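This is what each chain is made of:
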Amino acid sequence: MQTTYDENNIFQKIMKGEMPCHKIYEDDKTFAFLDIMPRADGHFLVIPKVGSRNILGIEEDDLTAVMKTVKKLSHAAQKAFNCDGITLQQFNEPAGGQVVFHLHFHVIPRMEGEKLKPHTGEMADNDLLARHAEMIKAAL
Ligand code: AMP
């Protein structure tokens, strides 16, 4: 299993402002933005600022900070979308389904009876993502 961390991965570029994103939150240890290929409306990602490939390479304090942000933003998403549930997903290494090698938690608002769209399926409309980001920010 690989343990190296690529400083030039896409999520580092997003945090550095070298690539665009629909940011919803940032603090000293964590950063959150909408998933560009959402599995449901309001699907976002929470990442640590520290460079960690996945769950196997992160210090406990940094992981705790990520989970605090996951909880805080889950409440905001629930309020924003009035959803019936929330699904968390987190993948490690290619065999575990990981595609981007900077640790991230998926937070996905769920409506009763609505199936998840495919993982890394279709890119969402940019204006729609912008609207959803505003809805979550407003609920914070
Ligand atoms: P995984 O590593 O399996 O959790 O998948 C990576 C996730 O990152 C997928 O859900 C992608 O849709 C998402 N993703 C990839 N590139 C971007 C990007 N530039 N902005 C937002 N989300 C992205």
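A brief look at the structure comes next.

What counts and what doesn't
- Numbers given for residues are sequential positions, taken from 1 along each chain in its written order.
- Where totals are concerned, whole chains, interfaces and linings use all residues; where local detail is concerned, this predicted model gives features only for residues with pLDDT of at least 70, and gives and counts side-chain atom pairs only at 80 or more.
- Side-chain calculation: all heavy atoms of the structure are included, whereas hydrogens and water are not.
- Helix and strand definitions here come from DSSP, where helices need a minimum of 4 consecutive H or I residues and strands a minimum of 2 consecutive E residues; each element is numbered from the N-terminal end.
- A 1.4 Å probe rolled over the protein chains alone gives each residue an accessible area, and that area as a share of the maximum for its type sets the label: buried under 20%, exposed over 50%, partly exposed in between.
- Distances are taken per atom, and a residue is near a molecule or strand as soon as one of its heavy atoms is within 4 Å of it.
- Between N or O atoms, a polar contact is any pair within 3.5 Å; within protein, one atom must be a potential hydrogen donor and the other a potential acceptor, and residues adjacent in sequence are included only when both atoms are from side chains.
- Under the convention used here, a 1.4 Å probe and the Shrake-Rupley method define accessible areas, while residue burial counts only the protein chains that appear.
- Just so you know the grouping, Ala, Val, Leu, Ile, Met, Phe, Trp, Tyr, Cys and Pro go in nonpolar, Asp, Glu, Lys and Arg go in charged, and all remaining residues, Gly too, go in polar.
- A helix is expected to span 1.5 Å multiplied by its residue count minus one.
- Throughout, a contact is declared for two residues whenever any of their heavy atoms are within 4.5 Å.
- Residues grouped as a nonpolar core are buried Ala, Val, Leu, Ile, Met, Phe, Trp, Tyr and Cys residues, joined through side-chain atoms within 4.5 Å.
- In this description, the arc belongs to the directions extending from the helix axis to the C-beta atoms.

1. A word on unusual backbone geometry
Now for step 1: Non-glycine residue Asn 82 carries a positive phi angle of around 50 degrees.
Now for step 2: Looking at where Asn 82 falls in the secondary structure, it is placed in the loop between helix H2 (60-81) and strand S4 (85-89).
Now for step 3: Judged by its relative accessible area of 56%, Asn 82 falls in the exposed class.
Now for step 4: The phi dihedral of Glu 93 falls on the positive side, at around 70 degrees, and the residue is not glycine.

2. A few points about the site of the ligand
Now for step 1: Neighbouring residues of the ligand: 18 residues in total, closest Asp 35, Gly 97, Val 99, His 104 and His 106.
Now for step 2: Between the ligand and the protein, one listed contact pairs an oxygen atom with a backbone N or O atom of Gly 97 at 2.7 Å.
Now for step 3: At a separation of 2.6 Å, an oxygen atom of the ligand approaches a polar side-chain atom of His 106.
Now for step 4: Here the ligand, which alone exposes 500 Å², has 94% of that area covered by the protein.
Now for step 5: Mapped by element, the contributors of at least two residues to the shell around the ligand are helix H1 (10-15) and strand S2 (30-34).
Now for step 6: The element that contributes the greatest number of residues to the shell around the ligand is H1, accounting for three residues.
Now for step 7: Partitioning the shell around the ligand into residue classes produces 11 nonpolar, six polar and one charged.

3. A few points about H2
Now for step 1: Here H2 is 22 residues long and its end C-alpha atoms lie 31 Å apart, about the 32 Å a rise of 1.5 Å per residue gives.
Now for step 2: Here H2 has its buried residues at Asp 62, Ala 65, Val 66, Thr 69, Val 70, Leu 73, Ser 74, Ala 76, Ala 77 and Phe 81.
Now for step 3: For H2, the secondary structure elements touched by its buried residues are strand S1 (23-26), S2, strand S3 (44-48), S4, strand S5 (105-110) and helix H3 (126-139).
Now for step 4: Backbone geometry just after H2 places Asn 82 at a positive phi near 50 degrees.

4. A closer look at the nonpolar core
Now for step 1: If you look at the biggest cluster of nonpolar residues, it comprises 21 residues, and the most contacted ones within it are Ile 24, Leu 34, Phe 44, Val 46, Leu 73 and Ile 136.
Now for step 2: For this core, the secondary structure elements donating two or more residues are S1, S2, S3, H2, S5 and H3.
Now for step 3: Broken down by element, the residue count for this core peaks at six residues, all from H2.
Now for step 4: In contact with Val 46, not counting residues within four places along its chain, are Phe 31, Ala 32, Val 66, Thr 69, Val 70, Leu 73, Leu 103, His 104, Phe 105 and Val 107.
Now for step 5: Of all hydrophobic cores here, the second largest spans eight residues; its members include Phe 11, Ile 14, Leu 45 and Val 100.

5. Things to note about H3
Now for step 1: In this model, H3 (14 residues) spans 20 Å end to end at C-alpha, consistent with the 20 Å of a helix rising 1.5 Å per residue.
Now for step 2: Looking only at H3, the buried set comprises Leu 129, His 132, Ala 133, Ile 136 and Ala 139. Buried residues of H3, seen end-on, are gathered within an arc of 130 degrees and therefore sit on one face of the element. Turned more than 90 degrees away from the buried face of H3 sit Asp 127, Arg 131 and Ala 138, all of them exposed.
Now for step 3: In this fold, the buried residues of H3 make contact with S1, S2, S3 and H2.
Now for step 4: The backbone nitrogen of Asp 127 has a side-chain oxygen 3.2 Å away, supplied by the residue at the start of H3, namely Asp 125.

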